[in-house]
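Residue-level structure breakdown
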Amino acid sequence: MTSTPSQRFAGKRVFVSGGSQGIGEAISLAFAREGARVAINGRKKEKLDALLPRLAKVAAGPHIACAGDVSDETAVTEAIDKAFQDLGGLDILVCNAGIQIKSPSEAISLADFEKVLSVNVTGVMLCVREVLKHWVRNGTKGNIVVDSSVHQIIPKPAFLGYSASKGAIGNMVRTWALEYASRGIRVNAVAPGAIVTPINDSWIHDPEKYKAVSEHIPMRRPGQPDEIAEPTLFLASDQASYITGQTLFIDGGMTLYADFEKNWAS
Ligand code: NAD
């Protein structure tokens, strides 16, 4: 028996950064399934246009593409303004776009370090700032969910910029949550563990590496993008109306000190 998706987000308008693939794609599809109009952001307009027809049709009108690099201040302002204009406003912002660059820390280039921070930290700040400008002006009780990572708290050797950026997100979310709680604006984060998306192309197509990753996860498997999308929708929904400033770890147990699963000696 197939169940009809609920229409929790009918009439809502959502902006998803980095929404054309991976977790962002799953989030965009899930919001549309549940009745929201979606503004999908990403750097390549063709990729966004290709995804639009796959989003469930909603009565309120078409979904839209808002192309733009989140690390570029002008591009973010234009993309967010376009979403407000074309959708008549925004109710929910999902800051999902993120990158990682591998390098031993003794050899990391300043350019690579700053590139990761410019997307994962500055990019999130710019999207949130632009949306807040509208919400504060209009008195909108909006809702923000940011894609963090288990590396908000688990160190990630050879990915210093990524570790720094996701650590920063935890406190940025708490700061925004406190600053805007009295206006009815909620801000939370989801923190995925290992999820099967293109950012993990280095292991998801290699059975040996896939097995090795799975063995390090208490639930013995990586997660699927929908397993991040559903909790993201929960945090953005009225079911989470009293939750703000939190990071929800969605990781099959990765943050449970997995090495302690078995008793080492005693
Ligand atoms: P992905 O590489 O598949 O997708 C990332 C998306 O962000 C892509 O659509 C990409 O085009 C977009 N993007 C990258 N740079 C951008 C920029 N400058 N401007 C606009 N868009 C940009 O990765 P994913 O796994 O779907 O990751 C989504 C988020 O989840 C990221 O923030 C990532 O750090 C986080 N995350 C992923 C995992 C995982 O295992 N997949 C784990 C923890 C956290």
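See the structure shown above.
Here the structure is a predicted model, which means the values were calculated and not measured.

Some details on a positive patch on the surface
Taken together, the side chains of Arg-43, Lys-44, Lys-47 and Lys-115 present a region of like positive charge at the surface. With respect to the helices and strands, Arg-43 occurs in the loop between strand E2 (37–40) and helix H2 (45–51).

Some thoughts on the sheet that holds strand E4 (residues 92–95)
Here we have 7 strands laid out as an open sheet, ordered E3-E2-E1-E4-E5-E6-E7, and parallel in their pairing. Each having just a single partner strand, strand E3 (64–65) and strand E7 (247–250) make up the two edges of the open sheet. With 5 bridges connecting them, strand E5 (residues 143–147) and strand E6 (residues 186–192) associate as parallel partners. Note on E6: the bridge partner recorded for Asp-147 is Val-190. Running over the sheet, helix H5 (residues 160–180) touches E5, E6 and E7 and is turned about 160° from E6.

Observations regarding helix H3 (residues 73–87)
The terminal C-alpha atoms of H3 lie 21 Å apart, and with 15 residues this matches the ideal 21 Å at 1.5 Å per residue to within 8%. Taken together, the buried positions of H3 are occupied by Ala-75, Val-76, Ala-79, Ile-80, Ala-83, Phe-84 and Leu-87. Across the axial projection of H3, the buried residues extend over an arc of 165°, all falling on one side. Looking at H3, the residues exposed on the side facing more than 90 degrees away from the buried face are Glu-78 and Gln-85. Against the buried residues of H3 lie strand E1 (13–16), E2, E3 and helix H4 (110–138). The distance from a side-chain oxygen at the start of H3 to the backbone nitrogen of Thr-74 is 3.0 Å, and the residue carrying that oxygen is Asp-72. Downstream of H3 by one or two residues, Gly-88 has phi in the positive range, about 75°.

Here is what the cut-offs are and how they apply
- Residues numbered from 1 in each chain as written.
- Predicted model: local features only at pLDDT ≥ 70, side-chain atom pairs only at ≥ 80, totals over all residues.
- Heavy atoms only, no water.
- Patch = residues over 30% accessible without salt bridge, like charges linked within 9 Å, V, L, I, M, F, W, Y side chains within 5 Å.
- Areas by Shrake-Rupley, 256 points an atom, 1.4 Å probe, with all protein chains shown as cover.
- Salt bridge = Lys/Arg side-chain N within 4 Å of Asp/Glu carboxyl O.
- Lys, Arg positive; Asp, Glu negative; His and termini not counted.
- Charge placed at Lys NZ, Arg CZ, Asp CG, Glu CD.
- Helix = DSSP H or I, 4+ residues; strand = E, 2+ residues; numbered from the N terminus.
- Pairing = 2+ DSSP bridges.
- Contact = heavy atoms within 4.5 Å.
- Axes fitted to C-alpha atoms, helices over the stretch in contact; angles between N-to-C directions.
- Expected span 1.5 Å × (residues − 1).
- Buried < 20%, exposed > 50% of the residue type's maximum accessible area, 1.4 Å probe, protein only.
- Arc of directions from axis to C-beta.
- Polar contact = N/O pair within 3.5 Å; in protein donor to acceptor, adjacent residues only side chain to side chain.

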